[in-house]
Structures are given as C-alpha cells and as structure tokens.
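# Chain and residue survey
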Amino acid sequence: MKNKRYKIKKIIMLVLRLLCVILFPLSYVLDYDMAGKITFFTVQSNILVLIIMIGLSVYDILILCEKNIKMPKFMHILKLVSTTSITLTFVVFGIILTPLLIRDGRSDVVLSYSSIVMHQFIPLVALVDWIIGDNDNKISYYFSPVPVSFALYYFIFTMIASNAGVTYPSYENGHEVEAKFPYFFLNYIKYGWFEFKNGGIGVAYWLVIMAIIIVFTGFILVLIKNLQHKYKFKKSN
C-alpha cells in the first residue's frame, strides 16, 4: 500500500509538472506582449522552476520504472532555490503589486491568463511539489539563505540591463509607458538607495526586506522538508 501511494504521488506530480510546462508557453501565444517581459523576475523565476521540474520528472520517471536511483543532494538545493524564488513571485505580486495594479485600474493585468499561470498556478504547483515530493533526504538549515543567490543574480542583471538601455512595459496615469526599472522598489533614481523620498523608501531598504523574506521562506521550506523526513523515518521504524 505504501509503495502504491508513493507511485500515485509521483504520477500526480508528473501530471502537474507537465501541465505547467504546457501552460507557460501559451502565455506567449495568448498574451501578445509577453515576449517583452522575459526580463521580469516573474518570468525568469518561472523558467527556473520549469527547468527544475523537468529535471525532477526525469528522476521520477526512472524511479517509476523501478530503476535503482536516488535524487542527488544538489537537486534538492536547486529545488529549494527555485521554490523559494517562485514563492517570492507569488507573495510580492499578491501582497505588493496586485493592490497597486487594482488602484491604477489595471485589474485586467491581474486577471490575465499569463498572470494567473505565472503568479498563481505555477507557484502553487511548485509548493505542492515541495510538500508531497521526494522526502528521502534532509536538508541542512545552513542552506536556507542559498535562494538569495537567485535574487542577487536578478538584481545585478536588472542594474546592468537598465543602464544598458533596456526598458520595461509599465503604466502611468492609465497609459502604457516604457519604464527604466521592472519594479518600483528597484528604482534608485526616484527613491535613492538609503533615502526616504517621493513617498517611498530607498532601494537598499527594499533589498534588505526582500532578503529577509527569502531567507525566512527558505528556512520554512527546509523545516517542512525535515519534519516530513523525520515523520517518515519514525513511521518506518
């Protein structure tokens, strides 16, 4: 019975991952302007998650085929980075950006196909994958801050891209404009680095806030995984 439940969970996750891989590219078909948004953290964190999902699926297929194989430790770390990053996408969009979009009369963006897929569906599947996926390995709590690496990469990428002339689609006063930064909290020109001006706080403060959220999220995910491993170990003895 245990082996049967294990295989059913693997099959469910394979189906959900496949659905994510199919739904994500459709964003570029159904939303004509998505091609210009690949420089957003949302899109890049989704791509990272999908790459990891494909890798995890290969291991799960081999396991279902009765191959004597175990997912290596580094895959768990990469999964931690991708799950934490996509959770950040879910939280930041839901708590910070959605109210601003609704305030500016852009509820159509919140309810668009690509937004629902990238901001809700794929992040939730990634979290489900983390919770019911492989629980054979414990993860050291020292790895909790590792997901900050992807956010740091994106920050450096954005600073280089913005100063190289890359612009981002945005809205001001109901009109579409080209912004220098993808998110308001990275706009050091308007808000400065350590200042409190123009009705906002400096970018440095936002970076600290984001880092705290990422490390805390990583810690919670590691805690969940280790508690599951502990329960599984006790149950088997």
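Residues numbered from 1 in each chain as written. Predicted model: local features only at pLDDT ≥ 70, side-chain atom pairs only at ≥ 80, totals over all residues. Heavy atoms only, no water.

Unoccupied space between atoms shows up once a probe the size of one water molecule is rolled over them. This structure, assessed with the given rule, holds one cavity of 30 Å³ or more. One number sums up the size of the largest cavity: a volume of about 60 Å³. Lining the largest cavity we find Val49, Ile52, Met53, Leu56, Lys79, Ser82, Thr83, Ala126 and Asp129. Put simply, the parts of the chain that give the lining of the largest cavity at least two residues each are α2 (41-64), α3 (73-103) and α5 (113-132). Looking at side-chain class alone, the lining of the largest cavity contains five nonpolar, two polar and two charged residues. (1 Å grid on protein atoms, 1.4 Å probe; cavity = no way out; pocket = protein on both sides within 12 Å on 5 of 7 lines; lining within 4 Å. Points joined across faces, edges and corners; volume = space filled by probe spheres on them. Helix = DSSP H or I, 4+ residues; strand = E, 2+ residues; numbered from the N terminus. Nonpolar A, V, L, I, M, F, W, Y, C, P; charged D, E, K, R; others polar.)

Moving on, we come to the nonpolar core. One finds Tyr183, Phe185 and Leu186 to be the most contacted residues of the largest nonpolar core, which totals 30 residues. Of all the secondary structure elements, the ones that give two or more residues to this core are α2, α3, α6 (148-163) and α8 (203-236). At seven residues, the largest contribution of residues to this core is made by α3. Other than its neighbours up to four places away in sequence, Phe185 contacts Val92, Val203, Trp206 and Met210. Residues Phe24, Ile86, Met118 and Val125 belong to the second largest nonpolar core, which totals 14 residues. (Core = buried A, V, L, I, M, F, W, Y, C linked by side-chain atoms within 4.5 Å. Buried < 20%, exposed > 50% of the residue type's maximum accessible area, 1.4 Å probe, protein only. Contact = heavy atoms within 4.5 Å.)

Our next topic: the packing of aromatic side chains. Within the structure shown, the criterion is met by 16 aromatic pairs. Where Tyr141 meets Phe219, the ring centres are 5.4 Å apart and the plane angle is 35°; that geometry is what we call tilted. Here Phe219 lies in helix α8 and Tyr141 lies in the loop between α5 and α6, a separation of 78 residues in the sequence. In this structure Phe219 comes out as partly exposed when scored by relative accessible area, which is 35%. (Phe/Tyr/Trp six-rings, centres within 6.5 Å; stacked < 30°, edge-to-face > 60°.)

Here we come to a positive patch on the surface. Together, Lys70, Lys73, Lys138 and Lys230 make up a region of like positive charge exposed at the surface. Among the structural elements, Lys73 can be located in helix α3. (Patch = residues over 30% accessible without salt bridge, like charges linked within 9 Å, V, L, I, M, F, W, Y side chains within 5 Å. Areas by Shrake-Rupley, 256 points an atom, 1.4 Å probe, with all protein chains shown as cover. Salt bridge = Lys/Arg side-chain N within 4 Å of Asp/Glu carboxyl O. Lys, Arg positive; Asp, Glu negative; His and termini not counted. Charge placed at Lys NZ, Arg CZ, Asp CG, Glu CD.)

Everything listed here is a matter of coordinates, which is why it stays silent on function.
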